[in-house]
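Report on the structure
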Amino acid sequence: MPQPSCPLTSQQVVDIYFMEHRAKLLDVAAFLDRLERAEGHEGLQDVRVRALKKAIPLLLDSNCENHANRTQRMLELLSDHTTEPTPAAHTQSALGADPNTQY
Amino acid sequence: MAYIDPHIHMVSRTTDDYRRMAQAGCVAITEPAFWAGFDRSSPAGFYDYFRQLTDVEPKRAAQYGIAHYCWLCINPKEAEDPAFAREVMKLIPEFLDKPNVLGIGEIGLNKNSRNELIILEEQIELAKQHDRLILVHTPHLEDKLKGTRMTMDALINAGIDPGRVLIDHVEEHTVAEVLDRGFWAGMTLYPDSKCTPQRAVDIIECYGNERIWINSAGDWGPSDPLSVPKCHVEMRRRGHNQKLVEKISLKNPLAFLGQSGRFILPEHS
Ligand SMILES: [Zn+2]
């Protein structure tokens, strides 16, 4: 594996990408606000929301510092980690979080 | 710049898309057989789809100077009924000698079920019997990690040379294992799932530019047939040179697809 390398300086990364990701972070905040304003509580208990709330702290997890593997760790958190084939496919679609994990 | 989009479903796209892709520099595409967004009611539906992939689309693409190649299979979403899947598989050999057919794909898993795995193994065997390349679809979202591992195990157990298989739709949690085991890796650029152009360039920066390519996988869902050139812009924006762009979108696809003995770029034909 090559040494991870981005030709940009860290300051250039901030200058180029900050606004885009500031907007994405505000979108996440607004999504959670919308969820709380909406009628009923089922959505708050939805496995996808619980998984998302577990993933958010990874952004600041010190174990990620200097490893730059937040994306990988988030994807792993949202994955099914069983190894045996599922007995049958009862649906054709995926959720985005593992319905059998206790998030 | 001339580029190859090695995974796009043009049956779901308009002729205007061919024109826009040609204007952006696309010179060749490869189109894997996939789920049409609904389950076909009979194997005859697949027969006509294979005719479309081997006869109709190459002509439509040629109008814009784009070489069109394809892959044939029954996709994993329609493989839960093995009897039905086998009826479709019986149709494939008749089409394998059409000049634009590169191999078997996109095969793989969707919900990682037992029946999907059985049909995957049978299609790997089909590719082996006919000595064809394999293009693998890996599952969506939470099913990807498990399905990617199960698929690689099935390929290795069947004695397939990993250098003749491309595992598509890799992301940060699957790419290292795919490359470490000797397979080729494809990154799909989608607006909401899989990789964005930014993350695809991050992955190249972290895992290198060998045995890896990018594709739009443009289809009937949220997708962008121009995402490959958009990713090139992202590379240049970060200061990567033109050599990297050519490596990812010309040299690498040529090296993998060239193993079919059929893939030729238009200007070289
Ligand atoms: Zn596809």
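Everything in this summary refers to the structure shown in the same document. (Residues numbered from 1 in each chain as written. Chains lettered and ligands numbered in written order. Predicted model: local features only at pLDDT ≥ 70, side-chain atom pairs only at ≥ 80, totals over all residues. Heavy atoms only, no water.)

Looking at the coordination of the zinc ion
Residues and elements named next belong to chain B. With distances of 2.0 to 2.1 Å, the protein atoms coordinating the zinc ion are His7 (NE2), His9 (NE2) and Glu106 (OE). Summarised as a motif, the one-chain spacing of the donors to the zinc ion is H-x1-H-x96-E. Taken together, the residues span a long stretch of sequence, with histidine 9 in the loop between strand 1 (3-5) and helix 1 (15-24) and glutamate 106 in strand 4 (residues 101-108) at a distance of 97 residues. (Donors = N, O, S within 2.8 Å, 3.2 Å for Na, K, Ca; no water. Helix = DSSP H or I, 4+ residues; strand = E, 2+ residues; numbered from the N terminus.)

Some details on the side chain of glutamate 106 of chain B
All names here are of chain B. Although glutamate 106 is buried, it makes no salt bridge; lysine 194 carries the closest opposite charge, 7.4 Å away. A distance of 3.2 Å separates the side chain of glutamate 106 from the side chain of histidine 137, its partner in a polar contact. The contact partners of glutamate 106, leaving out residues within four places of it in the chain, are His7, His9, Pro32, Ala33, Phe34, Cys73, Asn75, Pro76, Leu135, Val136, His137 and His169. (Buried < 20%, exposed > 50% of the residue type's maximum accessible area, 1.4 Å probe, protein only. Lys, Arg positive; Asp, Glu negative; His and termini not counted. Salt bridge = Lys/Arg side-chain N within 4 Å of Asp/Glu carboxyl O. Polar contact = N/O pair within 3.5 Å; in protein donor to acceptor, adjacent residues only side chain to side chain. Contact = heavy atoms within 4.5 Å.)

Details of the interface of chain B and chain A
Contacts between the two partners involve 34 residues from chain B and, on the opposite side, 36 residues from chain A. Applying the counting criterion to the chain B and chain A interface returns 1 salt bridge. The closest approach of N and O atoms between aspartate 80 of chain A and lysine 146 of chain B, which form a salt bridge, is 3.7 Å. At the junction of chain B and chain A, the tally comes to 18 residue pairs in polar contact (both at pLDDT 80 or more). Going through the elements one at a time, helix 4 (114-129), helix 5 (144-157), helix 6 (175-180), helix 7 (197-207) and helix 8 (227-237) of chain B are the ones with two or more residues in the side of chain B that touches chain A.

Focus: the packing of helix 2 (residues 43-62) of chain B against helix 3 (residues 82-96) of chain B
All names here are of chain B. Remark: helix 2 packs on helix 3, axes separated minimally by 9 Å, with the N-to-C direction vectors making an angle of 30 degrees. With respect to helix 3, the element helix 2 is oriented roughly parallel. For helix 2 against helix 3, the interelement crossing comes out right-handed. Each of Pro43, Phe46, Tyr47, Phe50, Arg51 and Thr54 in helix 2 lies in contact with helix 3, whose residues at this interface are Phe84, Glu87, Val88, Leu91, Ile92, Glu94 and Phe95. (Axes fitted to C-alpha atoms, helices over the stretch in contact; angles between N-to-C directions. Parallel < 35°, antiparallel > 145°, perpendicular 65-115°, else oblique. Left-handed = near helix turned anticlockwise from the far one by under 90°.)

Quick look at the pairing of strand 7 (residues 184-188) of chain B
For a regular strand, side-chain orientation follows a simple rule: the groups alternate between the two sheet faces. Residues and elements named next belong to chain B. A large share of strand 7 lies buried, amounting to 5 of its 5 residues. Residues Trp184, Gly186 and Thr188 of strand 7 are buried on one face, and the alternating residues Ala185 and Met187, pointing to the opposite face, are buried as well. Pairing of strand 6 (residues 165-167) with strand 7 involves 2 bridges; the strand directions are parallel. Residue pairing in the sheet places leucine 166 in a bridge with tryptophan 184 of strand 7. Of the crossover connections in this fold, the one passing from strand 6 over helix 6 to the parallel strand 7 is right-handed. As paired elements, strand 7 and strand 8 (residues 212-215) share 4 bridges and run parallel to each other. Its bridge partner being in strand 8, methionine 187 is matched across the sheet by isoleucine 214. In the classification by handedness, the crossover that spans strand 7, the intervening helix 7 and the parallel strand 8 is right-handed. (Pairing = 2+ DSSP bridges. Right-handed = clockwise from strand over helix to strand, strands pointing away.)

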